[in-house]
Amino acid sequence: MENISESASFQNKSIDLKVELQRYLRWWPLFIVSVFIALFIAWVYLRYSTPQYLTSSSLYVKIQSAKRGEVMGVKDFQNMALPSGLMTNVVDNELSLLKSKPLLYNVVKEIGLDVKVISGGKFKDTDLYEKAPFSGSIIKLKEPRYFKSHTYSISPDEKNGFILKNEKSIIKGKFSEPLKMNWGWIVLNRNTNFSFVTPLTVSFINPRIVVNQLEASITLSIPEEKSNIIEISTKGTIPIRSENILNELMNQYNSDAIKDKNIEALATANFIDERLKVITEELGGIENKKENFKESNKIADLQSQAELNLKNISETTKRLLDLSTQLEMVNSVLAITNSSSPEQLLPTNLGMPSALDALIGDYNQMVLTKNRTLRQATPSNPSVIQMNRDIASLKELIRENLKKSQANIQLTIGQTKNQMDQSGEAISKFPLQEKLFRSIERQQNLKESLYLYLLQKREEASIALSANAPKAKIVNPAYTSDSPVSPKRQTYYLIAFSLGLLIPIGILYIVFALDTKIHNRREIRKALPEIPVVGEISNAGDLEDSVVKKNDLTAFAESFRIMLTNAKFIVKPIKGIAPVIMVSSSVKGEGKTTVSTNTALILAQNRKVLLLGADLRNPQLKRFITHAKKGLSDYLVNENENNIEQYIETFEGNPNLDVLPSGTIPPNPTYLLSSDKMVNVFTELKSKYDYIVVDTAPLLLVSDSFHLIQYADLLLYVMRAEYTDRDMLEFTEEVERDNAQGKLAIVLNDVKNRHMSYYDNKYGYRYGYGYNSDDENVNKKIIWKKRMSNFFSKFS
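Residues numbered from 1 in each chain as written. Predicted model: local features only at pLDDT ≥ 70, side-chain atom pairs only at ≥ 80, totals over all residues. Heavy atoms only, no water.

Visitor: Which residues make up the overall build of the protein, and what values go with them?
Guide: Per the secondary structure count, the protein includes 21 helices and 25 strands. Pairs at least 24 apart in sequence give 77% of the contacts found in the protein among residues at least 6 apart. Accessible surface computed for the protein: about 44300 Å², of which carbon and sulfur atoms make up 53%. (Helix = DSSP H or I, 4+ residues; strand = E, 2+ residues; numbered from the N terminus. Contact = heavy atoms within 4.5 Å. Areas by Shrake-Rupley, 256 points an atom, 1.4 Å probe, with all protein chains shown as cover.)

Given below as structure tokens:
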């Protein structure tokens, strides 16, 4: 049993899915039109859209050591004994430098991206760029912060001139000459390779805006972790312009790096020049002192005299000279570190201890990095603040090392002097003049050594200043892919096709969701599975066609015959007692009078039938049957009248059908229909007819008809397709549960042709109305419907 239940549930779901698909496929012309329109719109967009191309390049960044000048990797920086926070990937920092605004600003001005020359077309404008008859540049802006752009129509003028026009002004100018505008100064240069005859459009754009656009369009990436190669790419509509942008960006990057390197070398050269001036003056004073000493003491040559005596202390003297030189350099650099600002560079490669040279080189590199960062960031930037802390920390470390070196050298000098004093005591036999002369000569040698050393370092600094080796090597110059990256034709057509299908589905879904009307018997059976639906009455068309005629074989007449055939399973006539078929509905306009009239006509084809008009408030039988003004209400209101047959009329054209009209509209119809005299009406008439069909008032609007349900053997509850609201189903269920109690059957009236069919849940076949073997046109329609049904079944 469980498997049977699951199989039935799966079958119902399959049927529901098929029905839902057919519900949408019924609107297949809408889908075809929607897809066609969507594809046409996509074609128009692709036809007139400007394709974008991807331009790429790659750059190899060479990291230089501050100590030796050789290329270093990232791991070398990580292994250096630097304070915490200084071990970072330098190549990652170069990404920010490549997209820095000052660098991009130089690119914009160098290529002339702040001036665009546009040729107007019928459907779209074209940026001429390299094919423009002239190029231009914005020399200066009066208010750069508030200027965005200005567009003019430019046309040629005589004598190498041009005319700029806009809505507010007309300005004349000449090529290659600066032109003053109300917002700044510009210059336009003629390109004689292209003719300039027709008017064009020229736009002057604030370079800052172009810089922001470039910054957003350029993409930088490192293909592999800890790699020194940077991939640069951008998208643009003009490949040659994109290539020029990337190539110029790499050139500007190298130029900027060379400028930074020259700043460091220039700072070192200036320091050496200042020290040379001081030492030159000191050396001149020592030489004068030596000359005066020789003259005053009449000394000719002490070298030969002291050669033997000073042999023992020569090595000590040489060592003292070296230590003094180091102490002089340490004192000089220490004085700079104590007095210089945080941004000042320290001299390098001056013969300092090896650890100090490395630290000073790293300190200069960090200062340069900070200065480059400040070009595009403020001092309050977290990165700048962290750099200031790191620079201060490193500078303090250098200062401490200098002090330690100073103390060590001074201690060593003291020890060396002690050794010299001991040696001096051994040669105390030499005259005092010899001591003084050697002291003067020692100072002279010290200054000469320092002077020569500084001259050598100044030459090295000059060489470094003149060497312009690029910081980065261009691995791949800018190149553009052959096929555009946007728009993708296949993608757009696929999206258009999908939207062409989804939009009608969405519209239909909303329409179906907002539709609260009943359309077919399937919806009724789904909501009220316990109440039988005995028939579907097709749309009758005109009023003349809404009445079943004798030997009528139309679909309208056949639907009533099928309804009565199904109703026989509910009502089984008892011999001698006519079954009462009560016809009602929820509200007005659902077609209960049409159903009751035609039901009576169909039954009267071979039986004696009475059509009773029990709608005393708004009788509608007069639309179909001509009858007298008096009727049921007149009989009920007259207490002395017992002969009801005098109010009954025979239907014209069918002697088997009698009609008891509703009569005069009374003020108290509920009272009349609930009177004892109404009981006598049914008791008397049941024995005279085979069927009694009662046309009543709507149950939801008035309570009149509720009093008649007790007399009915069958309550045909009429609902109208695309008219009756689904909320009425709940009321119908209440009528069945509280009043009819098994006597209620639903008739769906005015069903459109597309809903007019029975559906067999087991086999899924459709049976249409209107079968007529003698009508060739009807047969053709049936065949066509079957073919269409097979066609739609393929999709479902």
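There is more to say, and it comes next.
Visitor: Tell me what's going on with the pairing of strand β7 (residues 149–157), and back it up with residues and numbers.
Guide: The pairing of β7 with strand β12 (residues 200–205) spans six bridges and is classified as antiparallel. The partner of S153 across the bridge, within β12, is T201. In this structure, the hairpin formed by β7 and strand β8 (residues 161–165) is closed by a connection of three residues, where K159 is found at a positive phi of approximately 60°. (Pairing = 2+ DSSP bridges.)

Visitor: Summarise a nonpolar patch on the surface; cite the residues concerned and give the values.
Guide: A cluster of nonpolar side chains, I495, L499, L502, I503, I505, I507 and V511, forms an exposed patch at the surface whose accessible area comes to about 600 Å². Among the structural elements, I507 can be located in helix α13 (residues 489–514). A relative accessible area of 47% places I507 in the partly exposed class. (Patch = residues over 30% accessible without salt bridge, like charges linked within 9 Å, V, L, I, M, F, W, Y side chains within 5 Å. Salt bridge = Lys/Arg side-chain N within 4 Å of Asp/Glu carboxyl O. Buried < 20%, exposed > 50% of the residue type's maximum accessible area, 1.4 Å probe, protein only.)

Visitor: With reference to specific residues and values, describe a negative patch on the surface.
Guide: On the surface, E530, D727, E730, E733 and E734 cluster together into a patch of negative charge. Relative to the assigned elements, E530 resides in the loop between α14 (521–527) and β16 (533–538). For E530, a relative accessible area of 73% puts it in the exposed group. (Lys, Arg positive; Asp, Glu negative; His and termini not counted. Charge placed at Lys NZ, Arg CZ, Asp CG, Glu CD.)

Visitor: Account for the packing of helix α2 (residues 28–48) against α13, naming residues and giving values.
Guide: Contact geometry for α2 and α13: axes closest at 8 Å, N-to-C directions at 145°. Pair α2 / α13 crosses with right-handed handedness. Facing α2, whose interface residues are L30, F31, S34, V35, A38, L39, A42, W43, Y45 and L46, α13 presents R489, Y492, Y493, A496, F497, L499, G500, L501, P504, I505 and L508. Split into classes, the residues belonging to the contact of α2 with α13 amount to 18 nonpolar, two polar and one charged. (Axes fitted to C-alpha atoms, helices over the stretch in contact; angles between N-to-C directions. Left-handed = near helix turned anticlockwise from the far one by under 90°. Nonpolar A, V, L, I, M, F, W, Y, C, P; charged D, E, K, R; others polar.)

Visitor: Would you mind going over unusual backbone geometry in detail, with residue names and values included?
Guide: Phi at E722 takes a positive value of approximately 60°, unusual for a residue other than glycine. Structurally, E722 is set in the loop between β22 (714–720) and α20 (727–740). For D750, which is not a glycine, the phi torsion comes out positive at approximately 60°.

Visitor: Lay out the sheet that holds strand β13 (residues 219–221) with the relevant residues and their values.
Guide: Taken in spatial order, the four strands line up as β13-β14-β1-β15 in an open sheet, and their pairing is antiparallel. Single-partner strands in this sheet number two, and they are β13 and β15 (472–480). Going across the sheet, the axis of each strand differs from the next one's by a mean of 15°, ignoring polarity. Here β13 runs beside strand β14 (residues 229–236); their pairing, made up of three bridges, is antiparallel. Residue pairing for β14: T219 is matched across the bridge by S233.

Visitor: An account of the pattern of salt bridges is requested, with residue identities and associated values reported.
Guide: Tallying each qualifying case throughout the model produces 15 salt bridges. When the shortest N-O distance is used, the salt bridge between K592 and D615 registers 3.3 Å. Of this pair, K592 sits in helix α16 (residues 592–603) while D615 sits in the loop between β18 (609–613) and α17 (632–637); the two residues are 23 residues apart in sequence, bridging distant segments of the chain. Each member of the pair, K592 together with D615, is buried. Put simply, K688 and E684 hold a salt bridge, and the shortest N to O gap is 3.4 Å. Judged by its relative accessible area of 25%, E684 falls in the partly exposed class. Within this structure, K592, D615 and D695 form a network of salt bridges that share partners.

Visitor: Give a description of the confidence of the model for the protein that names residues and reports values.
Guide: Averaged over every residue, the pLDDT of the protein is 79; residues scoring 70 or more account for 82%. For the stretch residues 758–780, pLDDT sits under 50, and the model shows 35 contacts to residues farther than four places along the chain or on other chains. Here residues 790–796 scores under 50 on pLDDT; set against residues more than four positions off or in separate chains, the count is eight contacts. (pLDDT = per-residue confidence, 0-100.)

Visitor: Residue-level account of the nonpolar core, with values.
Guide: Counting residues in hydrophobic clusters, the biggest one holds 45 residues, and the most contacted among them are L632, L660, M678, L685 and L708. What L632 contacts, discounting residues up to four positions off in sequence, is L612, G613, A614, L616, L660, P661, S662, G663, L673, M678 and V681. (Core = buried A, V, L, I, M, F, W, Y, C linked by side-chain atoms within 4.5 Å.)

Visitor: Quick one: what's the story with the sheet that holds β7, residue by residue and with numbers?
Guide: Ordered in space as β5-β4-β12-β7-β8-β9, the six strands form an open sheet in which the pairing is antiparallel. Looking at the sheet topology across the chains shown, the edges are occupied by β5 (126–127) and β9 (170–174). Pairing analysis gives four bridges linking strand β4 (residues 115–119) to β12, with the strands arranged antiparallel. Within β12, the residue paired with V115 across the bridge is F204.

Visitor: Outline the packing of aromatic side chains, listing residues and values.
Guide: Taken as a whole, this structure holds 13 aromatic pairs when the rule is applied. Centroid distance F147 to W183: 4.7 Å. Interplanar angle 20°. Geometry classified as stacked. With F147 in the loop between β6 (134–141) and β7 and W183 in the loop between β10 (179–180) and β11 (184–190), the pair connects residues that are 36 residues apart, well separated along the chain. The interplanar angle of 65° and the centroid separation of 6.1 Å between the aromatic rings of Y635 and Y647 together place this pair among those described as edge-to-face. Pair noted here: Y635 is in helix α17 and Y647 is in the loop between α17 and β19 (649–650), with a separation of twelve residues, a long-range link. Through a chain of ring-to-ring contacts, three or more aromatic side chains come together here, namely F134, F162, F175 and F196. It is K142 that lies over the ring of W185; its NZ or CZ is 5.7 Å from the centre. (Phe/Tyr/Trp six-rings, centres within 6.5 Å; stacked < 30°, edge-to-face > 60°. Lys NZ or Arg CZ within 6 Å of the ring centre and 35° of its normal.)

Visitor: Break down the packing of helix α5 (residues 101–111) against helix α6 (residues 207–217) for me, with residues and values.
Guide: In a packed pair of helices, the relevant descriptors are the angle between the two axes and the axis-to-axis distance. Relative orientation of the contacting elements α5 and α6 amounts to 110°, with a least axis distance of 9 Å. When the axis of α5 is compared with that of α6, the two are roughly perpendicular. You can see that α5 and α6 cross each other, and the crossing is right-handed. Along its contact with α5, which presents K101, L104, Y105, V108 and K109, the element α6 presents P207, V210, V211, N212, L214 and E215. In terms of residue class, the contact of α5 with α6 is made up of seven nonpolar, one polar and three charged. (Parallel < 35°, antiparallel > 145°, perpendicular 65-115°, else oblique.)

Visitor: How would you explain α6 if you had to name every residue and give the values?
Guide: Buried within α6 we find P207, V210, V211 and L214. End-on view of α6: buried residues confined to an arc of 105°, all on one side of the axis. Here α6 starts with a cap whose side-chain oxygen sits 3.0 Å from the backbone nitrogen of R208, and that cap is N206. (Arc of directions from axis to C-beta. Polar contact = N/O pair within 3.5 Å; in protein donor to acceptor, adjacent residues only side chain to side chain.)

Visitor: Describe α2, naming the residues involved and giving the relevant values.
Guide: Between the first and last C-alpha of α2 there are 30 Å, a value that for 21 residues agrees with the 30 Å anticipated at 1.5 Å per step. For α2, every residue scored as buried is listed here: F31, S34, V35, A38, A42 and L46. Burial along α2 is one-sided: seen end-on, the buried residues are contained in an arc of 100°. Counted as exposed and oriented over 90 degrees from the buried face of α2: I32, F36 and I41. (Expected span 1.5 Å × (residues − 1).)

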